[in-house]
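# Coordinate analysis (summary)
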Amino acid sequence: MGRVFSSPKWSRRRLLAAAGLGVTGTALAPFLPRAVAEAATQPKRLILITSGQGTDMTRWRPSGGETSFTLSSQLEPLVAYQDRMIVLDGIDNEAAIRGAGRGHFGQGTMWTGVEVPPGTVRPDEMLGWPTAPSIDTIIGERVRGDARFAAYYWATWPIATDGPNQGPNGICHYRGSEDPINPQLNPAVAFDTLFEGVMGADPAISARIRAERKSVIDLVNGELSRVRTVMPAVDRDRFDAHLDSLRELETRLTQVTAQCEVPTRPNDFTEGEVKDFDQVHVFTRLQFELMRHALLCDLTRVACFDWPHSEGYGHFMADEGYRPFESLHTVAHTMSYDMVGEVTPTDEERAIAREDLANLQNWRAKMLATELLDKMPPDVVDNTLLVWASEMSEGGTHSNRNVPIVMIQGGNFGAFTAGRYLRWGSYDPISNYSAFTGGQPMNKLLVSICQAMGLTDVDAVGDATISTGPLEELA
Amino acid sequence: MRRISLAFALGWIGSCYSGLELGGGAGGDEAAGTAGATEAVADSGDSGGDADVAVSPSEVARITRAQYQRTIAAIFGDAIAGVVDFGKLPADGKIGSFASNAGLNVNVDSADAYRMVAEEIGTAAGAQAGALLGCAESDACVTAFVSAYGRRIYRRALSDAELDVFVQFWTSNRESASQADAMRMVVTAMLQTPDFLYLLEKGAEEDDADVRRLTGFELGARLSFFLWGQAPDDALLDAAAAGRLDDEAGLGDEVRRLLADARADETLVRFHTSWLGIDGLETAVVDPEQFPQFEDLRDDMAEETRRFVLHVFRQDDAQLATLFGADYSFASAELAAFYGAGVAGQGDDGEIALEASQRRGLLTHASYLTTHARSPERAPIYRGRSLLVDVFCNQLPPPDGVDTTIDFDSSASARQQIEDATSGPACAGCHSLINPLGYLFENYDAIGRWRTMDGTWPVEAEATILGTDIDGTYANAPQLLERLASSGAAEACVSRQWLRFALARPEGAEDEAAIAAAAAAAGGDMLKLVDAITHSDTFRHRRLPSE
């Protein structure tokens, strides 16, 4: 029922066994990499979580005042982190609102701070790729130190990352102008990319693999350099870029990383399997486990994760102890009070849909708490900033105003005053978020995040005509 | 043709005018280096080579994921290709409706992805090292292997220096490695070289020419990736090496051979499913509560289109009029039942006769109708857009700064509500062109089932279309589709789409001659159209982009 891909040739049990889940759980591996051993050398880390389609804002919003607030039912699973939390209520995804790429296309603007321009990437909407890097790129390049990856990107299939639906409605992160980053959907591939050569069970074998890869890259380098000189001069930029990428790849592949414990390699999955919406919960756990270890091993200091947005299914919720639902897209539309289908939903149908979305957000909060933060060593969490945002607020309105954002700042992070619920602007509790006024532009938050990560010279991110400077209230 | 029809439309639809781009290219910013259709044709005759040859500029581009995968299967066999996860390859970009990597750099993640896939293929090849070598290992044997496989991978004969690079690589690795490991390393390296990953087109002319006739090997590669979606086979490489692709007759022989071969089937299907967006069916999201039948029919719908296209090209007359207007199709028993009264009769092998007042041709396949419905209420807009853009090759500006939300309710039919929402000055310019084309398909619900009621409202499918060269009032889609192939604009558009697919780049002003000539030569026969494209100047030359 409702399965997007029709032939899953694998069982849930096999998946769980592959991850070592459901059997013994994933107790934190008792290790401390060299870099992690001394608190003084702990690098700052950034985790960006994107969950699409907004939520039911009335069930998301905390109650109470700035410093004495009670988390909503949606965010309740994160209550252990409330003293380190900043709930941001009133941030506008302004670049989405200004440009042609609204609604879902706010995914392309939320971390870049620039409009989605006209173009041919999405022929139906005639939209192109954003023309600026997202903050993960900006920050990752600057804070990576010796990390193998400037940033790494995981996702459970956000549908519009590849294939005919590809577009800035699914890709949130950008390496530069019109340079979308496809998140890694397949945990096995993520594992291979991240940890190969790191395991070092047998240092001699690792050394041989490194030497082999270097020799292949040297050969390819030679061929590229030859082709570069033989081919017309106008083609050279393309080959120069390729040569640059090979150089970085060589560093990535040949670097000896501090020994650290790596998780069990997940099974190989087919493309259909990793794109099965009914297994979002399983893949979320697999990806979070890899993310934790990648951060612990200092393979990257910027970790990004995207959950499926508009068109996922909610069947998996049954496995997680919630009421299942059908298409997330339908649910989001049904919940709405100002954008409805051919047949106007009844109040009861709306109430159910809103509850489904709230449940989903509650499940996500639970995943962040139990599968990510709780399982990271406290001193790593202490030096990590996690930002969780959606490109829109109430899913039904598709409004990019007043998007829900939660930040959790580690105890040693020290950039913001935490334990706060910050509100801007005015909203009507039931609805029209398009008419929301008085919000703060996301661009200010992007600057604040850059500065918090040590990029104190950054005063504007994305379109500087939207705003410059940080979100002062965070200090 | 296309521009004439558009200009006609613009004559009295003012508000669509200001934003409309008359340029033919759908390449977008990445292809900014290539000419748009509005660029003057005349200013190109100023440098050496075949400067007066009509061809627009192209940038060096990589092969696509599908081409990579099919090439590996062709060169190394299914046993090796079968164990490789090609899903790891970097995602393709797009030109118009078609996969293309024009204008895209290899970033470090793409380079790493190519590395991983090459290692998988290398490992699988290593396990069959003896069989691949095919002789007792010796310098001569290794050289013969590198020469033969290198030619398939590079799509040309390797120079002595290039041979030496790989033979040396084998030899030095072999000092400390097994035969399998030496094979693994050589294959892994070859598959990461630019000669494999890119379509390198240096051309046959001297270095200062802007327009270059492709060498035989380069033309062979273009031909093979176009018609087969994979690298040339040995016979095509032999023809290229012998210079047989340099003359019309020799080229024609190879084009006929390739087109007749079963390896072209995949391309015929891929062209149509990409062009018309039907490749989106696999991931189309349909509300299972509203359309519980859909999930079980999804694969059947795709199969209908596949069988129909192949039948039109392989068994029938390959006429555009047949593609658009055929009174037959192919359906599983379930899909035929779903079509209901639209099926007039059923043959043994799944062929169905269509009740022509309900269905005819490709554009009434449930696959197409579903992909372009997107939502039950908005279907006329998306279907109309597809007709206008995909079939008539008109370009539309984005609905810039306009709130495109329509608050559908039960007060009127969806058609009426679309009409009301898009009749304002900001919308009508384009929607007066889009909507009528979409309304003609109102007899099909969001998954392509025939209907006479839209909820509680009788379906109104009759509409008067504008902005085409077959303007007029039609009762519904089948009536339009009966005439569609007689539209010169549609005929030229199909030619444009095929050229775009063949070149995997946006077309420019100097490709217009090839588009028009191919359409004229074809006389509606799509196989002749493909043949004509391969003989065109634009297909056989490369113009360098200006720096």
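Small disclaimer: the values here were computed from a predicted structure and weren't measured.

Here the focus is the overall build of chain B. Broken down by element type, chain B carries 26 helices and 13 strands. A buried classification covers 61% of the 547 residues belonging to chain B. Here the analysis covers contacts within chain B between residues at least 6 apart in sequence; of these, 69% occur between residues at least 24 apart. With the model as given, the accessible surface of chain B reaches about 19,300 Å², and the carbon-plus-sulfur share is 50%.

In an α-helix there are 3.6 residues to a turn, and that puts residues three or four apart on one side. The terminal C-alpha atoms of helix α13 (residues 347–373) of chain A, which comprises 27 residues, lie 37 Å apart, in line with the 39 Å expected from a rise of 1.5 Å per residue. Among the 27 residues in α13 of chain A, 19 count as buried, and that is most of the element.

In this section: the packing of helix α3 (residues 65–76) of chain B against helix α5 (residues 108–127) of chain B. Residue and element names in this part refer to chain B. Remark: α3 packs on α5, axes separated minimally by 13 Å, with the N-to-C direction vectors making an angle of 20 degrees. With respect to α5, the axis of α3 lies roughly parallel. Our pair here, α3 against α5, has a crossing hand that is right-handed. Note on element contacts: α5 touches α3 through Tyr-114, Val-117, Ala-118 and Ile-121, opposite Tyr-68, Ile-72 and Phe-76. Along the lines of polarity and charge, the residues of the contact of α3 with α5 split into 7 nonpolar, no polar and no charged.

All names here are of chain A. In this structure the tally under the stated criterion is 65 salt bridges over all chains. With a closest N to O distance of 3.6 Å, Arg-98 and Glu-94 form a salt bridge. Residue Arg-98 and its partner Glu-94 are both found in helix α4 (residues 94–98); the two are separated by 4 residues, about one turn of the helix. For Glu-94, a relative accessible area of 16% corresponds to the buried category. The shortest N-O distance in the salt bridge between Asp-179 and Arg-175 comes to 3.5 Å. Under the relative-accessibility criterion, Arg-175 is labelled partly exposed at 22%.

The subject of this paragraph is the confidence of the model for chain B. For chain B, the mean per-residue pLDDT works out to 88, and 89% of the residues sit at or above 70. Counting interchain partners and residues more than four positions distant, the pLDDT-below-50 stretch residues 1–48 of chain B has 97 contacts.

Residue and element names in this part refer to chain B. Under the definition given, this model contains 2 disulfides over all chains. Bridging Cys-135 to Cys-141, the disulfide has an S-S length of 1.9 Å. Between Cys-135 and Cys-141, the S-S torsion sits near 90 degrees, and that sign places the bridge as right-handed. Judged by its relative accessible area of 35%, Cys-135 is partly exposed. Since its relative accessible area comes to 4%, Cys-141 is described here as buried.

When two helices pack together, their arrangement is given by the angle between the helix axes and by the axis-to-axis distance. Between helix α8 (residues 203–230) of chain A and helix α9 (residues 179–190) of chain B, the shortest axis-to-axis distance is 9 Å and the interhelical angle comes to 45 degrees. In terms of their interaxial angle, α8 of chain A and α9 of chain B are classed as oblique. Pair α8 of chain A / α9 of chain B crosses with right-handed handedness. Residues Arg-208, Glu-212, Ser-215, Val-216, Leu-219 and Val-220 of chain A of α8 of chain A form the contact with α9 of chain B, whose participating residues are Arg-184, Met-185, Thr-188 and Ala-189 of chain B.

On the secondary structure map, Glu-162 of chain B appears in helix α8 (residues 160–174). In this structure the side chain of Glu-162 of chain B is engaged in a polar contact, spanning 2.9 Å, whose partner is the side chain of Arg-156 of chain B. Setting aside residues up to four positions removed in sequence, Glu-162 of chain B forms contacts with Arg-226 of chain A together with Arg-156 and Ala-157 of chain B.

Here the focus is empty space enclosed by the protein. Summary: where empty space remains is shown by rolling a probe the size of a single water molecule over the atoms. Residues and elements named next belong to chain A. One pass over the full model with this rule turns up 7 cavities of 30 Å³ or more. Size it by volume and the largest cavity reaches roughly 80 Å³. Of all the secondary-structure elements, those providing two or more residues to the lining of the largest cavity are β10 (313–314) and α13. When residues of the lining of the largest cavity are assigned to their parent elements, the largest contribution, 3 residues, is made by α13.

So, on to the interface of chain A and chain B. Accessible area lost during the coming together of the parts is what is often quoted as the interface size. Facing the 69 residues of chain A at the interface are 79 residues of chain B. The junction of chain A with chain B conceals about 6,300 Å² of combined surface from both sides, 54% of it contributed by carbon and sulfur atoms. On inspection of chain A and its partner chain B, the count reaches 9 salt bridges. The partner of Arg-238 of chain A in a salt bridge is Glu-59 of chain B, with the nearest N and O atoms 2.3 Å apart. Between chain A and chain B we count 14 residue pairs in polar contact (both at pLDDT 80 or more) in total. For the side of chain A that touches chain B, the secondary-structure elements that each account for two or more residues are β5 (118–122), α7 (187–195), α8, α9 (236–254) and β11 (325–327) of chain A. In terms of residue count, the dominant contributor to the side of chain A that touches chain B is α8 of chain A (12 residues).

Residues and elements named next belong to chain B. Residues of helix α22 (residues 477–484) that are buried include every one of Ala-477, Pro-478, Leu-480, Leu-481 and Leu-484, and no others. Projection of α22 onto a plane perpendicular to its axis shows the buried side chains occupying an angular sector of 160 degrees, all on one side. Looking at the packing, one finds that the buried side of α22 touches α16 (320–325), α19 (379–391), α21 (425–439), β11 (463–465), β12 (472–474) and α23 (488–503).

Residue and element names in this part refer to chain A. Counted residue by residue, strand β1 (residues 45–51) has 7 buried out of 7 residues, so it is predominantly covered. The alternating pattern of β1 places Arg-45, Ile-47, Ile-49 and Ser-51 and Leu-46, Leu-48 and Thr-50 on opposite faces, both of which are buried. Direction of pairing for β1 relative to strand β12 (residues 384–389): parallel, over a ladder of 6 bridges. Each bridged residue has a counterpart across the sheet, and for Thr-50 the counterpart in β12 is Ala-389. In terms of strand pairing, β1 meets strand β9 (residues 302–307) through 6 bridges, oriented parallel. In the sheet register, Ile-47 faces β9, and the bridge partner there is Ala-303.

In this structure, Leu-363 and Trp-498 of chain B are the most contacted members of the largest nonpolar core, which totals 85 residues. Looking at this core element by element, the count peaks at 8 residues for α23 of chain B. When neighbours within four sequence positions are excluded, Leu-363 of chain B is seen to be in contact with Leu-276, Phe-324, Tyr-368, Leu-369, Leu-387, Val-391, Phe-441, Leu-481 and Leu-484 of chain B. Membership of the second largest hydrophobic core comes to 66 residues, among which are Leu-71, Trp-154, Met-367 and Trp-388 of chain A.

Each value, and the rule that gives it
- Counting starts from 1 at the beginning of each chain's written sequence and moves along it residue by residue.
- Each chain is given a letter, starting from A, and each ligand a number, starting from 1, according to the order in which they appear as written.
- With pLDDT at 70 or above as the cut-off, local features in this predicted model cover only qualifying residues; side-chain atom pairs require 80 or more to be listed or tallied, and sums for whole chains, interfaces and linings still use all residues.
- Note that water and hydrogens are dropped before the side-chain values are worked out from all heavy atoms of the structure.
- A run of H or I in DSSP counts as a helix once it spans at least four residues, and a run of E counts as a strand once it spans at least two, with each numbered from the N terminus.
- The classification of residues rests on relative accessible area computed with a 1.4 Å probe and restricted to protein chains. Under 20% of the type maximum is buried, over 50% is exposed, and intermediate values are partly exposed.
- Residues are treated as being in contact if the distance between any of their heavy atoms lies within 4.5 Å.
- Working definition of accessibility: Shrake-Rupley area with a 1.4 Å probe, residue cover restricted to the visible protein chains.
- Each helix should span, by expectation, one fewer than its residue count multiplied by 1.5 Å.
- Note on geometry: axes are C-alpha line fits, over the in-contact stretch for helices, and angles between N-to-C directions span 0 to 180 degrees.
- When an angle is under 35 degrees it counts as roughly parallel; over 145 it counts as roughly antiparallel; between 65 and 115 it counts as roughly perpendicular; any other value is oblique.
- Helix crossings are classified by the rotation of the near helix relative to the far one: an anticlockwise turn of less than a right angle makes the crossing left-handed, while a clockwise turn makes it right-handed.
- Each residue receives one of three labels: charged for Asp, Glu, Lys and Arg, nonpolar for Ala, Val, Leu, Ile, Met, Phe, Trp, Tyr, Cys and Pro, and polar for the others, Gly being one of them.
- Put simply, a salt bridge is a Lys or Arg side-chain nitrogen that is within 4 Å of an Asp or Glu carboxyl oxygen.
- The pLDDT score gives, residue by residue, the confidence of the prediction method on a 0 to 100 scale.
- Two cysteine sulfur atoms form a disulfide, by the criterion used here, when they sit within 2.5 Å.
- Any pair of nitrogen or oxygen atoms within 3.5 Å is treated as a polar contact; in protein, a donor-acceptor pairing is required on top of that, and neighbouring residues in sequence qualify only through side-chain atoms on both sides.
- A pocket, in this scheme, is an open set of points on a 1 Å grid over the protein atoms alone with protein on both sides within 12 Å along at least 5 of 7 lines, while a cavity is a set where a 1.4 Å probe fits but cannot get out; residues line either one if an atom lies within 4 Å of a point.
- Grid points are joined across faces, edges and corners, and a volume is the space filled by probe spheres set on the points.
- Once two parts are brought into contact, the accessible area they lose, counted with a 1.4 Å probe and summed over both, makes up the buried area.
- Here the arc refers to the set of directions running from the helix axis out to each C-beta atom.
- Strand pairing follows a simple DSSP-based rule, namely that at least 2 bridges must link the two strands.
- Nine residue types can take part in a nonpolar core, namely buried Ala, Val, Leu, Ile, Met, Phe, Trp, Tyr and Cys, and a core is a set of them joined through side-chain atoms within 4.5 Å.

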